[in-house]
Amino acid sequence: MNIKVSIFLLLLTAFVTTSIKAQQIQMPQASPSASVSQKIGLTDVKVEYSRPSVKGRKIFGSLVPYGEVWRTGANASTKLSFSSDVTLSGHKVPAGTYALYTIPGKKDWTIILSKNLELWGAIGYNNEDDAVRFTVPAQKSKEAYETMEISFNDLTNSGASLNLNWEKTGIAFSIETEVEPVVMNQIQELVIDQNTDNPGLLYQAASFYYSIDKDLDTAHTWIQKSVSADPKYWTMHLKAKIEDKLGLKEEAIKSAELSKEMAQEAKNMDYVGLNDRLIKSIK
């Protein structure tokens, strides 16, 4: 066979292979892929997984055996990502992406975060790759979940719960993130060290101090400087709330009434209502 014929046959084979791939039929996945993301505190958390459905089958203890490592979904292993360090049910986990495995049981489940992201499901799983593992109680849910669902719930300024529900079984574990030290460092740098007169920064610093109930006298000083430089109905409302916490009831009522007037002018009825309720609670 001469060189020209060989090259022709190679090109023909490549063309046929490409044509076959191009003609593949696109069909819905039995367990479609999904992702859910949530900002928790200052941390971005993301779950990528495939969602199997019950389809008349018995799931836990049958399709998904008790006591065995499960991919926690379908197809490839479920991935769980954190943009900064977190604490999962009391266990510290560095920022990064992990494969989420579980070992379902009748009364509790073992949660596993593996550093090995290359496996198809749990095939080849090795506990030497574990970043962390811990147990959580299994719960019976009133609602039946036809399709497996992972969601974030019970959000706070620095935490949330990750919930998994399928069939009539549910589990959850807490995710806690570092917020206060990070924000306090920014306040130190941008507000305290620079002795800033920026009304926006002063409002943010006062708002954070108020939210964690820290040094309200300093928070009051900051919010007074903010409203003196650039009064807004939302900054004046915060001033009223801080004064109320400090026991300065007359000042708080005056600030709330002024905030209400400003909100009425701006046609923001939400803040009108907030101030009405604050004034009523103070009186």
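Scroll up to find the structure this text is about.
Described in the following lines is the structure provided in the data block. (Residues numbered from 1 in each chain as written. Predicted model: local features only at pLDDT ≥ 70, side-chain atom pairs only at ≥ 80, totals over all residues. Heavy atoms only, no water.)

With that out of the way, let us pick up the nonpolar core. Ranked by internal contacts, the top residues of the largest apolar core, which has 32 residues, are Phe82, Leu88, Leu113, Phe173 and Ile175. Breaking this core down by element, the ones donating at least two residues are strand 2 (43-50), strand 3 (78-82), strand 4 (86-88), strand 6 (96-103), strand 7 (108-114), strand 8 (130-137), strand 9 (139-153) and strand 10 (159-177). Counting residues per element, this core draws most heavily on strand 10, at seven residues. Non-local contacts of Leu113, meaning those with residues more than four positions away in its chain, are made with Leu80, Phe82, Leu88, Val93, Tyr98, Ala99, Leu100, Asp129, Asp130, Ala131 and Val132. Counting residues in each nonpolar core, the second largest holds 18 residues, with Tyr210, Trp222, Leu238 and Ile242 among its members. (Core = buried A, V, L, I, M, F, W, Y, C linked by side-chain atoms within 4.5 Å. Buried < 20%, exposed > 50% of the residue type's maximum accessible area, 1.4 Å probe, protein only. Helix = DSSP H or I, 4+ residues; strand = E, 2+ residues; numbered from the N terminus. Contact = heavy atoms within 4.5 Å.)

As a further point, take the sheet that holds strand 2. Note on sheets: strands pair through backbone hydrogen bonds, and any given pair is parallel or antiparallel. Spatially, the six strands line up as an open sheet ordered 1-2-3-6-7-8, and their pairing is antiparallel. Each edge of the open sheet carries a strand with a single partner, namely strand 1 (33-40) and strand 8. This sheet shows a mean twist of 20 degrees between the axes of neighbouring strands, independent of strand direction. Pairing geometry for strand 7 and strand 8, over seven bridges, is antiparallel. Note that in strand 8 the partner of Ile112 across the bridge is Arg133. (Pairing = 2+ DSSP bridges. Axes fitted to C-alpha atoms, helices over the stretch in contact; angles between N-to-C directions.)

A few words now on the packing of aromatic side chains. According to the stated counting rule, one finds eleven aromatic pairs in the structure shown. Judged by centre distance (5.7 Å) and plane angle (80 degrees), the rings of Phe134 and Phe173 are edge-to-face. On the criterion of sequence distance, the pair formed by Phe134 in strand 8 and Phe173 in strand 10 is long-range, its members being 39 residues apart. The buried category is assigned to Phe173, whose relative accessible area is 4%. (Phe/Tyr/Trp six-rings, centres within 6.5 Å; stacked < 30°, edge-to-face > 60°.)

With that settled, the discussion passes to the side chain of Thr78. Within the fold, Thr78 resides in strand 3. Here the side chain of Thr78 touches Thr72 through a polar contact of 2.6 Å, landing on its backbone oxygen. Residues within four places of Thr78 in sequence aside, it is in contact with Val47, Glu48, Tyr49, Arg71, Thr72, Gly73, Tyr98, Ala99, Leu100 and Ile150. (Polar contact = N/O pair within 3.5 Å; in protein donor to acceptor, adjacent residues only side chain to side chain.)

On inspection of all chains with the given rule, the structure shows nine salt bridges. Glu243 serves as the salt-bridge partner of Lys239, at 2.7 Å between the closest nitrogen and oxygen. In this pair, Lys239 and Glu243 both sit in helix 5 (residues 233-245), four residues apart, roughly one turn of the helix. When the shortest N-O distance is used, the salt bridge between Asp276 and Lys260 registers 2.7 Å. With a gap of 16 residues between them, Asp276 in helix 7 (residues 269-282) and Lys260 in helix 6 (residues 249-265) connect regions that are remote in the sequence. (Salt bridge = Lys/Arg side-chain N within 4 Å of Asp/Glu carboxyl O.)

The next point concerns the environment of Ser62. Within the secondary structure layout, Ser62 lies in the loop between strand 2 and strand 3. Separated by 83 residues in sequence, Ser62 and Tyr145 have C-alpha atoms that sit 17 Å apart.

The phi dihedral of Asn75 falls on the positive side, at around 60 degrees, and the residue is not glycine. Position of Asn75 among the secondary structure elements: in the loop between strand 2 and strand 3. Phi is positive for Asn195, close to 45 degrees, though the residue is something other than glycine. With respect to the helices, strands and loops of the structure, Asn195 is situated in the loop between helix 2 (180-192) and helix 3 (199-211). A relative accessible area of 57% means that Asn195 is categorised as exposed.

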